Amino acid sequence: MDLLALADFNLVARHGGFGRAARATGRPKATLSRRVAELESSLDLRLFERGARALKLTQEGRALYERTGMLLTEIDETAAAIASGGEKPRGRLRISAPLLFSQTAMGKLAATFALKYPEVRLEVTTEDRIVDMVEEGYDLVIRVNPDPDESLIGRIFLRDRLVVVASPGLVRPADDTDVPAVVRGAVGPISTWEVVTPTGKSDFVVDPVLSLSSLVMVRDAVLAGVGAGRLPVSLVSQDLAAGRLIHWGDVEASEIALWILYPSRRLLSARVSAFLDCLNKAFPKGTPDELAAYTR
């Protein structure tokens, strides 16, 4: 297979058209078109559907792009590293991270990384949705309790757990008694929080009096005395220690695991390895206490 033709195919696929690729790189449009046609001929496959106004990858073209795009990037980075005399992290690093971790820790973590590796352009996107790493061009993804994915590898770098907390002014009710609660997300039917205490288990019937879109907002509302909340212990440990919140119990079977994920077929670039090392140094034990201390 002609690697130059493959590189031109990836260039056109990445920019979404021959004209756009030509304008972005200064390459002749005719040359790009000829190289892609030669690649299609050698593979005996149509890689693009050519419409009057749009160019769209075929199923085979998308598969080829997803499997070869990052490998070509690795080849370029390896050649650049050899030419410069070492594997110095450089280039763009794109990371997707969940909302709560981004609000509490990612700013400090990103700043630490940027100061240490000034030649890396770090881009962090905050979102809780499942992203397609290859399709959307992410190098790393941080996710909470992700579903198994054979196309990705990774590890747990932090663990947390949920606790039920309330302000000291909110009287803890007896079992099976309605509890005014601040919840995250849409308000649904009345539910029950099952918590574990040193003396046994308790059930709280939850009356959602306030619904908010982030756990930081939930914590602030709980601190104001609106109702009880179910929150990660790392987010409220300082408030518990200072007496601003009271611990009503641990939520049963509520382990939270934060994973760092990346494509399994990809060789780790120097910048990805550098960020993983930065993560290890920030959270060597991966405990809720470490996360709480890091966010002070």
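What you are looking at is a predicted structure, and each value in this text was computed from that prediction instead of being measured.

Peer 1: Could you give me a rundown of the environment of G19, with the residues and numbers involved?
Peer 2: Considering the arrangement of structural elements, one finds G19 in helix α2 (residues 18–25). With relative accessibility at 17%, the residue G19 sits in the buried group. Sequence-wise, G19 and L32 are 13 residues apart; in three dimensions their C-alpha atoms are separated by 9.2 Å.

Peer 1: Break down the pattern of salt bridges for me, citing the residues and quoting the values.
Peer 2: Counting across every chain of the model gives 16 salt bridges. The salt bridge partner of R34 is E38, with a shortest N-O separation of 3.3 Å. In this pair, R34 and E38 are both assigned in helix α3 (residues 29–43), four residues apart and thus about one turn of the helix distant. The partly exposed category is assigned to E38, whose relative accessible area is 36%. One salt bridge in this structure joins R92 and E123, with 3.8 Å as the shortest N-O distance.

Peer 1: Would you mind going over the environment of F101 in detail, with residue names and values included?
Peer 2: Structurally, the position occupied by F101 is in helix α5 (residues 99–116). Of the residues examined, F101 reaches a relative accessible area of 4% and is grouped as buried.

Peer 1: Break down the packing of α5 against helix α9 (residues 270–282) for me, with residues and values.
Peer 2: Running from amino to carboxyl end, α5 crosses α9 at an angle of 125 degrees, the nearest separation of the two axes being 11 Å. One element, α5, and the other, α9, form an angle in the oblique class. As for how α5 packs across α9, the hand of that crossing is right-handed. Facing α5, whose interface residues are M106, L109, T112, F113 and K116, α9 presents R271, A274, F275, D277, C278, L279, K281 and A282. Of the residues in the contact of α5 with α9, the class split is eight nonpolar, one polar and four charged.

Definitions and cut-offs
Residues numbered from 1 in each chain as written. Predicted model: local features only at pLDDT ≥ 70, side-chain atom pairs only at ≥ 80, totals over all residues. Heavy atoms only, no water. Helix = DSSP H or I, 4+ residues; strand = E, 2+ residues; numbered from the N terminus. Buried < 20%, exposed > 50% of the residue type's maximum accessible area, 1.4 Å probe, protein only. Salt bridge = Lys/Arg side-chain N within 4 Å of Asp/Glu carboxyl O. Axes fitted to C-alpha atoms, helices over the stretch in contact; angles between N-to-C directions. Parallel < 35°, antiparallel > 145°, perpendicular 65-115°, else oblique. Left-handed = near helix turned anticlockwise from the far one by under 90°. Contact = heavy atoms within 4.5 Å. Nonpolar A, V, L, I, M, F, W, Y, C, P; charged D, E, K, R; others polar.

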